[in-house]
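# A look at the structure
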Amino acid sequence: MIVPAYWAEARLQQRTHRRQFTVRRFGWSDIGPAEAQAHADARVREAFDRIVAGEPLPRLERKVGYGGAQGLPIREEIVDRHGDAVITRNSYGALCLNTPDVLFADVDFDEPANDGLSRTTMAVVAAVALALGLWTRSIGYGIGALFAGFIVARVIVGWLRKRAHAANGGPEARARHRIDAFVAARPDWLLRLYRTPAGFRLLALHRTFGPREPEVVESFRALGADPVYATMCAVQNCFRARVSPKPWRVGLKRKIVPPKAVWTSEHAQLRERQAWLSEYAQAALNYGACRYVATFGSGVADPKADDIRQLHDALCRADEDLPIA
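Summary of the structure given here. Nothing here was measured: the structure is a model prediction, and the numbers come from that model.

## Things to note about the overall build of the protein chain
When helices and strands are counted, the protein chain shows eight helices and 10 strands. Burial statistics for the protein chain: of 325 residues in total, 42% are counted as buried. Pairs at least 24 apart in sequence give 69% of the contacts found in the protein chain among residues at least 6 apart.

## Describing the packing of aromatic side chains
Applying the stated criterion to the full structure yields 10 aromatic pairs. Plain terms: the ring middles of Phe182 and Trp189 are 5.6 Å apart, the flat faces sit at 85° to each other, and that makes the pair edge-to-face. Neither Phe182 nor Trp189 differs from the other in exposure class; each is buried. Geometrically, the ring pair formed by Tyr194 and Tyr292 is edge-to-face, given 6.1 Å between the ring centres and 70° between the ring planes. Residue Tyr194 is found in strand E7 (residues 191-196), and its partner Tyr292 is found in strand E10 (residues 291-296); the two are separated by 98 residues along the sequence. Feature note: the residues Trp7, Phe26 and Trp28 constitute an aromatic cluster, connected by ring pairs. Note that Arg75 overlies the ring of Phe26, its terminal NZ or CZ placed 5.0 Å from the centroid. The ring of Phe200 has Arg195 sitting right over it, with the charged end atom 5.8 Å from the ring centre.

## Some details on the sheet that holds E10
Pairing is antiparallel across the open sheet formed by four strands, whose spatial order is E6-E8-E7-E10. Edge positions in the sheet fall to strand E6 (104-108) and E10, since each of these pairs with one other strand and no more. Strand after strand, the sheet turns through a mean of 25° between neighbouring axes, direction not considered. Judged from the five bridges that link them, E7 and E10 form a sheet pairing that is antiparallel. Pairing of Arg195 across the sheet is with Arg291, part of E10.

## A look at the pattern of salt bridges
Applying the stated criterion across every chain yields a total of 23 salt bridges. When the shortest N-O distance is used, the salt bridge between Lys304 and Asp101 registers 2.7 Å. One end of the pair, Lys304, is in helix H8 (residues 303-316); the other, Asp101, is in the loop between strand E5 (95-99) and E6, with 203 residues separating them in the sequence. Residue classification places Lys304 among the partly exposed positions, given a relative accessible area of 28%. Among the residues examined, Asp101 registers a relative accessible area of 15% and is labelled buried. A salt bridge links Asp313 to Arg192; the nearest nitrogen and oxygen atoms lie 2.9 Å apart. Here Asp313 is found in helix H8, whereas its partner Arg192 is found in strand E7, with 121 residues between them in sequence. The network of salt bridges with common partners includes Arg192, Asp306, Arg309, Asp313 and Asp319.

Procedures and definitions
Within each chain, residue numbers correspond to sequence positions counted from 1 in written order. With pLDDT at 70 or above as the cut-off, local features in this predicted model cover only qualifying residues; side-chain atom pairs require 80 or more to be listed or tallied, and sums for whole chains, interfaces and linings still use all residues. Computation of side-chain values covers all heavy atoms of the structure but excludes hydrogens and water. Secondary structure is summarised from DSSP: a helix means a run of H or I of at least four residues, a strand means a run of E of at least two, and numbering begins at the N terminus for each. Only protein chains enter the accessibility calculation, which uses a 1.4 Å probe; a residue whose area is less than 20% of its type maximum is buried, one above 50% is exposed, and one in between is partly exposed. Residue contacts follow a heavy-atom distance rule, with two residues in contact if any of their heavy atoms lie within 4.5 Å. Only centres within 6.5 Å qualify two rings of Phe, Tyr or Trp (six-membered ring in Trp) as a pair; their planes then separate them into stacked at under 30 degrees, edge-to-face at over 60, and tilted for everything else. Criterion for a charge above a ring: Lys NZ or Arg CZ within 6 Å of the ring centre, and within 35 degrees of the ring normal. Following DSSP output, two strands are said to pair if at least two bridges run between them. Every axis in this analysis is a line fitted to C-alpha atoms, fitted for helices over the stretch in contact. Angles between the N-to-C directions lie between 0 and 180 degrees. A carboxyl oxygen of Asp or Glu within 4 Å of a side-chain nitrogen of Lys or Arg is what we treat as a salt bridge.

Right, here's the structure in full:
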């Protein structure tokens, strides 16, 4: 896990082999801006040489806060450190706990399908409309029937999908069923369950984990964890949990300044950002990020994992009777 304090960007443009190449790369450091720039210069030189040699590398790197599949380190404001865990502020202003070896897994509720009408349904509607047009010998009736048929079909199909989505207790019951099955198959683990606004969160306490361990990959699969989050854990080599409310869920409509993930240390001094942070802190006073539900398993808590648990619960206000956002 790498969460640098300083960032820089280098640009190298040269003409070679009768072609002009422009390559940009980021650099980072925990020491200072000069070291970050030196790192960027070295990375852009290496990338330029490889691109000129024919490797299919991107010429630019996207400016993102949490690199995910991009493979860049986490580019977010460092708010605090707790041992080797780092608390950062993400692109929309919420706090996130990043840890290299304490396993968090968010299990979001599944969403109802919204992929329109199937080809078969559309073909049936079109056939009925065509038959009506031929029977009435009216193009207008046929076209009208086609549009009316699509509207009616969408209403019926939408209703059926909602019924199917609500079956077996609905998305919350399905998520809890996966969690219960996961827990039952691992009685010697020690797992702590939380309710989040859009699902559940599991925290493993019996030992620490490497994010790329096969057992972690299998756990994410069995739980139905967000595949994007699973990829981020592997690429960033860390686990991550949001520990403060989402701003829009506590009534804050203004976006943080700057409103995108291109963090540099100079942003901390922006008055607009400081004003937003003050407003956000006030709005979040009566909300938690998640709520504790239950503990499962016979395992004994690992001291480091339990230390992160205490930090997580305090930041999330997980043991307080608050609305979660």
